[in-house]
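Descriptive structure summary
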Amino acid sequence: VRLVESGGGLVQPGGSLRLSCAASGFTFRNYGMRWYRQAPGKERELVAQITSAGGSTNYADSVKGRFTISRDNAKSTVYLQMNSLKSEDTAVYYCKPMALDYWGQGTQVTVSS
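Predicted model, so just to flag it, every value in this text is computed and none were measured. (Residues numbered from 1 in each chain as written. Predicted model: local features only at pLDDT ≥ 70, side-chain atom pairs only at ≥ 80, totals over all residues. Heavy atoms only, no water.)

Before going further, it helps to spend a moment on the packing of aromatic side chains. A full pass over the atoms with the stated rule returns four aromatic pairs. Here the aromatic rings of Phe26 and Tyr31 are separated by 5.6 Å at their centres, their planes lie at 80°, and the arrangement is edge-to-face. Its relative accessible area of 16% is what places Phe26 among the buried residues. Owing to a relative accessible area of 24%, Tyr31 belongs among the partly exposed residues under this scheme. One residue, Arg44, lies across the ring of Tyr94, its end atom 4.0 Å from the ring centre. The ring centre of Phe28 lies 4.3 Å from the NZ or CZ of Arg71, which sits over that ring. (Phe/Tyr/Trp six-rings, centres within 6.5 Å; stacked < 30°, edge-to-face > 60°. Buried < 20%, exposed > 50% of the residue type's maximum accessible area, 1.4 Å probe, protein only. Lys NZ or Arg CZ within 6 Å of the ring centre and 35° of its normal.)

See below:
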């Protein structure tokens, strides 16, 4: 199993980023997917999740209305569109298949002026 997150970077408050997670080594279309984040000194937290076919999504209250999770099963890729970013969104972001204990290396998102 391989998970490669990308798309992070430095952005000003109010800006946007789109994260991608390219997955391989398992049947991507059969698994729901999740995005987590971990800020310095804090525990890893669940940000968003999407079912295997993409028909249902859920979000943490802290990102609801600002973040959108989506997936392309043909490309074995899950996305996280992040809008109206705040300083408290600064963290390393990880994707993970539900029911499988594999993690990628993460991608750093820094929101700062």
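Let us now look at the pattern of salt bridges. Oppositely charged side chains can pair when the atoms bearing their charge come close. Taken as a whole and judged by the stated rule, the model has four salt bridges. Note that Lys64 is salt-bridged to Asp61, the shortest N-O span being 3.1 Å. Two residues, Asp89 and Arg66, come together in a salt bridge whose shortest N-O distance is 2.7 Å. In this pair, Asp89 sits in the loop between strand E8 (77-82) and strand E9 (91-97) while Arg66 sits in the loop between strand E6 (57-59) and strand E7 (67-72), placing the two residues 23 residues apart along the sequence. For the pair Asp89 and Arg66, one class covers both residues: buried. Look at the salt bridges and you will find they share partners, linking Arg37, Glu45, Arg66 and Asp89 into a network. (Salt bridge = Lys/Arg side-chain N within 4 Å of Asp/Glu carboxyl O. Helix = DSSP H or I, 4+ residues; strand = E, 2+ residues; numbered from the N terminus.)

Turning our eyes to something else, we now look at the state of the cysteines. Applying the stated criterion to the full structure yields one disulfide. Across a sulfur-sulfur distance of 1.8 Å, Cys21 and Cys95 are joined as a disulfide pair. Residues Cys21 and Cys95 are joined by a disulfide whose S-S torsion is about 45°; by sign, that bridge is right-handed. Here Cys21, found in strand E3 (residues 17-24), pairs with Cys95, found in strand E9; they are 74 residues apart in sequence, far enough to count as distant. Across the pair, Cys95 and Cys21 agree in class, each one buried. (Disulfide = S-S within 2.5 Å.)

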